[in-house]
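The residues making up each chain are set out below.
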There are 2 protein chains.
Amino acid sequence: MKVTGDQALVKKINKSLVLHTIRTHSPVSRAKVSEMTGLNKATVSNLVAELCGQELVTEAGPGESSGGRKPLMLHFNRMAGTVVGLELRIRQLSAVLCDLGGHILQELEAPLDNHELPYVVEQMKKLIGTMIAAAPPSPYGIVGIGVGVPGMVDEHGVVLFAPNLGWEMVDLRAILEEAFAVPVTIDNEANAGAQGELNFGAARGVRHLLYISAGSGIGSGIIIGGELYKGARGYAGETGHMTIESGGTPCSCGSRGCWELYASERTYDQPGLPLPARTTPELVRHARSGQADALRHFDSMGTYLGIGVTNLINSFNPELIVIGGALSEAEPWLGGPLRDVVAERTLPYHKQQLEITFSKLGGKGTMIGAAFAAVMHFLGDIRVTI
Amino acid sequence: MKVTGDQALVKKINKSLVLHTIRTHSPVSRAKVSEMTGLNKATVSNLVAELCGQELVTEAGPGESSGGRKPLMLHFNRMAGTVVGLELRIRQLSAVLCDLGGHILQELEAPLDNHELPYVVEQMKKLIGTMIAAAPPSPYGIVGIGVGVPGMVDEHGVVLFAPNLGWEMVDLRAILEEAFAVPVTIDNEANAGAQGELNFGAARGVRHLLYISAGSGIGSGIIIGGELYKGARGYAGETGHMTIESGGTPCSCGSRGCWELYASERTYDQPGLPLPARTTPELVRHARSGQADALRHFDSMGTYLGIGVTNLINSFNPELIVIGGALSEAEPWLGGPLRDVVAERTLPYHKQQLEITFSKLGGKGTMIGAAFAAVMHFLGDIRVTI
DNA sequence: AAAACTTTGTTTAACCAATATACAAAGTCT
DNA sequence: AGACTTTGTATATTGGTTAAACAAAGTTTT
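Everything quoted here is computed from the prediction, not taken from an experiment.

Engineer: When you look at the protein's contact with DNA strand D in this model, what are you seeing that I'm missing?
Structural biologist: Taken together, 27 residues sit near DNA strand D, with Gln7, Ser45, Arg69 and Leu72 of chain A together with Gln7 of chain B positioned nearest. Counted by atom, the contact set of DNA strand D within 4 Å of the protein is 62% sugar and phosphate. Here glutamine 7 of chain A contributes a side-chain N or O atom positioned 2.7 Å from a base nitrogen of DNA strand D. At a separation of 3.2 Å, a phosphate oxygen of DNA strand D approaches a polar backbone atom of arginine 30 of chain A. Broken down by secondary-structure element, the contributors of at least two residues to the surface near DNA strand D are helix H2 (30-37) and helix H3 (41-53) of chain A together with helix H1 (7-25) and helix H3 (41-53) of chain B. Here the surface near DNA strand D takes four residues from H1 of chain B, the largest share from any one element. Broken down by class, the residue content of the surface near DNA strand D amounts to seven nonpolar, 14 polar and six charged.

Engineer: What am I meant to see in the side chain of threonine 366 of chain B here?
Structural biologist: Residues and elements named next belong to chain B. Assignment of secondary structure puts threonine 366 in helix H12 (residues 365-379). When its relative accessible area of 5% is taken as the criterion, threonine 366 is described as buried. Leave out the neighbours within four places in its chain, and threonine 366 touches Glu87, Gly148, Glu189, Ala192 and Gly193.

Engineer: How do you make sense of the relation of the copies chain A and chain B when you look at a structure like this?
Structural biologist: Least-squares fitting of chain A to chain B yields an RMSD of 0.1 Å, with the superposition described by an axial translation of 0.1 Å and a rotation of 180 degrees. Within this description, the copies of the chain are treated as partners about a two-fold rotation axis. Most of the interface of chain A is mirrored in chain B, where 100% of its interface residues are also at the interface.

Engineer: Could you clarify how one ought to interpret the sheet that holds strand E12 (residues 209-214) of chain B in this entry?
Structural biologist: Strands in a sheet are paired, the pairing made by backbone hydrogen bonds, and the direction either parallel or antiparallel. In spatial order, the strands read E14-E13-E12-E15-E16 (chain B); together these five strands make up an open sheet with mixed pairing. Sheet topology places strand E14 (227-228) and strand E16 (355-358) of chain B at the edges, where each strand pairs with a single neighbour.

Engineer: When you look at the protein's contact with DNA strand C in this model, what are you seeing that I'm missing?
Structural biologist: The environment of DNA strand C is formed by 26 residues, the closest being Gln7 of chain A together with Lys41, Ser45, Arg69 and Leu72 of chain B. At the protein interface, 67% of the atoms of DNA strand C within 4 Å belong to sugar or phosphate. At 3.2 Å from a phosphate oxygen of DNA strand C is found a main-chain nitrogen or oxygen belonging to asparagine 40 of chain A. Contact distances for DNA strand C include 2.8 Å between a base oxygen and a side-chain N or O atom of lysine 41 of chain B. For the surface near DNA strand C, the elements supplying multiple residues, two or more each, are helix H1 (7-25) and H3 of chain A together with helix H2 (30-37) and H3 of chain B. The leading source of residues in the surface near DNA strand C is H1 of chain A, at four residues.

Engineer: It is not clear to me how the environment of proline 276 of chain B should be interpreted in this structure. Could you clarify?
Structural biologist: Among the secondary structure elements, proline 276 of chain B is positioned in the loop between helix H7 (260-263) and helix H8 (280-288). The sequence separation of proline 276 of chain B and leucine 105 of chain B amounts to 171 residues, and the corresponding C-alpha distance is 39 Å.

Engineer: What exactly am I supposed to notice about the sheet that holds strand E9 (residues 159-162) of chain B here?
Structural biologist: Residue and element names in this part refer to chain B. Ordered in space as E8-E9-E10, the three strands form an open sheet in which the pairing is antiparallel. Strand pairing shows two members of the sheet lacking a second neighbour, strand E8 (152-153) and strand E10 (167-170), which therefore form its edges. Summarising the sheet, E9 and E10 pair through three bridges and their orientation is antiparallel. Residue pairing for E10: alanine 162 is matched across the bridge by tryptophan 167.

Engineer: What's the story with the interface of chain A and chain B in this structure? I'm lost.
Structural biologist: Size of an interface, as often reported, equals the accessible area lost when the parts are brought together. Taken residue by residue, the interface counts 69 residues in chain A and 69 residues in chain B. The interface formed by chain A and chain B contains zero salt bridges. Summed over the shared surface of chain A and chain B, the result is twelve residue pairs in polar contact (both at pLDDT 80 or more). Elements represented by at least two residues in the side of chain A that touches chain B include exactly H1, strand E9 (159-162), strand E10 (167-170), strand E13 (218-224), helix H9 (292-316), helix H10 (331-345), helix H11 (348-351) and strand E17 (383-385) of chain A. Grouping the amino acids of the side of chain A that touches chain B by side-chain chemistry returns 29 nonpolar, 27 polar and 13 charged. Two strands pair when backbone bridges link them, and E17 of chain A and strand E17 (residues 383-385) of chain B are joined in this way by three bridges, in the antiparallel orientation. Bridge pairing in E17 of chain B links arginine 383 of chain A to threonine 385 of chain B.

Engineer: Please clarify how the pairing of strand E6 (residues 104-111) of chain B should be interpreted in this entry.
Structural biologist: Looking along a regular strand, one sees side chains alternate from face to face of the sheet. All names here are of chain B. With seven bridges connecting them, strand E5 (residues 92-99) and E6 associate as antiparallel partners. Along E6, the bridge assignment pairs valine 96 with glutamate 107. Joining the antiparallel neighbours E5 and E6 is a turn of four residues, in which glycine 102 adopts a positive phi near 80 degrees.

Engineer: What should I look at first to understand H2 of chain A in this one?
Structural biologist: Because an α-helix completes one turn every 3.6 residues, residues spaced three or four positions apart along the sequence face the same direction. All names here are of chain A. Turning to H2, its buried residues are Val33, Ser34 and Thr37. Buried residues of H2, viewed axially, fall in a sector of 100 degrees; they line one side. Structurally, H2 contributes buried residues whose contacts are with H1, strand E1 (28-29) and H3. Looking one or two residues beyond H2, the residue adopting positive phi is glycine 38, at roughly 90 degrees.

Engineer: How do you make sense of the domain arrangement of chain A when you look at a structure like this?
Structural biologist: Residues and elements named next belong to chain A. Domain annotation of chain A identifies domain 1 (7-76), domain 2 (81-194 + 366-379) and domain 3 (205-359). Between the C-alpha centres of domain 1 and domain 2 the distance comes to 32 Å. Of the residues lining the interface, seven residues belong to domain 1; the matching set on domain 2 comes to eight residues. Interface of domain 1 and domain 2: buried area, both sides summed, is about 600 Å²; carbon and sulfur atoms make up 71% of it. Our count for the domain 1 to domain 2 interface comes out at zero salt bridges. Among the elements that take part in the side of domain 1 that touches domain 2, H1 stands out by supplying three residues, more than any other.

Engineer: Any chance you could explain the pattern of salt bridges here in plain terms?
Structural biologist: All names here are of chain A. Summed over all chains, the structure comprises 18 salt bridges over all chains. A salt bridge links arginine 89 to glutamate 87, with the nearest nitrogen and oxygen atoms 3.1 Å apart. Overall, arginine 89 belongs to the partly exposed group, its relative accessible area being 28%. With a closest N to O distance of 3.5 Å, lysine 364 and glutamate 107 form a salt bridge. Here lysine 364, found in the loop between strand E16 (355-358) and helix H12 (365-379), pairs with glutamate 107, found in strand E6 (residues 104-111); they are 257 residues apart in sequence, far enough to count as distant. For lysine 364, a relative accessible area of 33% translates into the label partly exposed. In this structure, a network of salt bridges that share partners links the residues Lys11, Lys15 and Glu50.

What counts and what doesn't
- Residues numbered from 1 in each chain as written.
- Chains lettered and ligands numbered in written order.
- Predicted model: local features only at pLDDT ≥ 70, side-chain atom pairs only at ≥ 80, totals over all residues.
- Heavy atoms only, no water.
- Near = heavy atom within 4 Å.
- Polar contact = N/O pair within 3.5 Å; in protein donor to acceptor, adjacent residues only side chain to side chain.
- Helix = DSSP H or I, 4+ residues; strand = E, 2+ residues; numbered from the N terminus.
- Nonpolar A, V, L, I, M, F, W, Y, C, P; charged D, E, K, R; others polar.
- Buried < 20%, exposed > 50% of the residue type's maximum accessible area, 1.4 Å probe, protein only.
- Contact = heavy atoms within 4.5 Å.
- Least-squares fit on C-alpha atoms with pLDDT ≥ 70 in both.
- Pairing = 2+ DSSP bridges.
- Salt bridge = Lys/Arg side-chain N within 4 Å of Asp/Glu carboxyl O.
- Arc of directions from axis to C-beta.
- Domains from an automatic or database assignment.
- Buried area = accessible area lost by both parts, 1.4 Å probe.

Printed below as a string of structure tokens:
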């Protein structure tokens, strides 16, 4: 739909601008907001009055004077409502209850025995129900539910394809919206993780971010211009099936030499491979005690991670790369070879200001990101590009 | 800079909306524009009156009645001004004079003997000067110059790095703006080609496009959401140096197994390779007459093109892939193996609606795209995203 | 051919959000 | 104590969109 301009749009733009300025800079005075946004003081006053009326912003008494009248400090009211963030993993369901500022209020997990849709949905409903029951009273109550899923999701919240769950065309959003009567956002697990790191983790304020979720497979969340990029049908970033050896091992996807065959937990499945264990936490323990096979394998995975990351750098030219997912636990052994390969292989101009870090939110990044997507859906966001 | 909303912004948004609606749908009536944009009839009338005053839109007499008063048809005034589009190639400089609708009015070429900056700039100035002299009189005259360059360009029009020219940090925009005193836009050659195909060629109206320029190297122009995507420093899309054989041939870029070593004209440089010729036009002639070596080589290049294209599909999830550049001439021999590899290797959901075509504008795509970038810079473009 | 209906485009008055300006309030500095 | 600063509010103005009425110019029905 085309967007036309009128006074209502102007108000929406400015109100959103003021709200998000307060949200990301609180405590802050009206005068400071006026200065930061470029809006007139009177305009800010009016909009703040409305936001206070909506209980999204609160006044928190006077602040420090800077040589004149003391400012009246404004806070974003994180407690105006709550959201539930969920992550659907292969063997486990995790959930958080968050306030509107992305702070975790409650945390809960449940094991998943199988991937039958009715069973999984039932478990999800139980978990969400528990969270909703545990939510503190607030003006808006539960304002949304966000879910991170290991698979492709379209723009309507339908899980198109989740190979590790054996799901196809599951309208998860409709199922959960019907059950709880609140807005539900469904996101790919890597996309949610990217949102989490962007807003609350290692990538705050970054404009062009590449988030690599390395675990049982490899997925990536791509942030372009501060926004999540989703392809034509809402499921870009399936980079795990990028060919890095054109004549390599055949993959279940139909292609050959896919990245995730060399740089994810799928490497543990190779029958002949000498390894002291076949799960990442155990291998990390072995590596910590200096076990040679574990060290060699992490070195190999780090190198192959670097090769794939180099390809993505040359295509996307990000400012920052964040490695997340289960393998981020192995940072001490993966980080070195990964950075070496990238430094050796990228073009000189890319090297200048590129940083590579590992997740700060650890296993919670996806849940927090999913919860945040629900928050943003509630608060609304609008921007003008020239 | 943050953009705030006020009435001036509203007018800009709506005027731009009306202008571009007329530009892309002319001839069209005021009533139809009102219906298409959702703007009130009165608003459209007012804005059209201003656009007519600016000579960007003209009234072209009555159209067909649809059961009532005959509409007064409006045209976008392509002849309100002209732009010069330039392509800087390795051995040649090409230029077009275009109207605001991207129609070619004049065309000119000049050979390039070497890549010394002063010499190249002098040749460019000569060519641009000739074009400006040949421009028909128009209300706004020459409104801009657009240049497509084989290298990385930053957001200020500085050529950061053009390996095939031996250029580094050339502020081409400043040089040409000083010489001609009109706005100059500098773009990467592949980005310009993508813009050309998007607006006037094989990719009209496509939202998510991947344009592959395969010639002396490989570059790609990425259109996301109908807009050109440029990375953090304005030079994404250097996909030619994507690794497709992790232990492959070393490349001049420092990496190994880069895509363009297997799927561009750089393959002709392999000493031992049995080939009847070492340029694309000659090889095409040989292939046409059934020469076995030429056929085998095109088959190999098509296959490797497909492998790289598959990687990009899995990352970007485009709706359409357009192959352009010098190698697009060899479509009859490249197209088959390329499509076969892609069909074999992409994920099932990608295959559903993905199309692969070859350039419609041929060698002129880049120039037309560069010219169009200059047109858009003149007309202005503004959009609101919710 | 007259009347009724349709479609196109303009005129008018009303609305409303941002703004500049003046002003009030509450502080600091000399 | 007086001058200056900073913060926040009140008021009148501006300017763009809009709904509604209207005028103009056509087609369709009777």
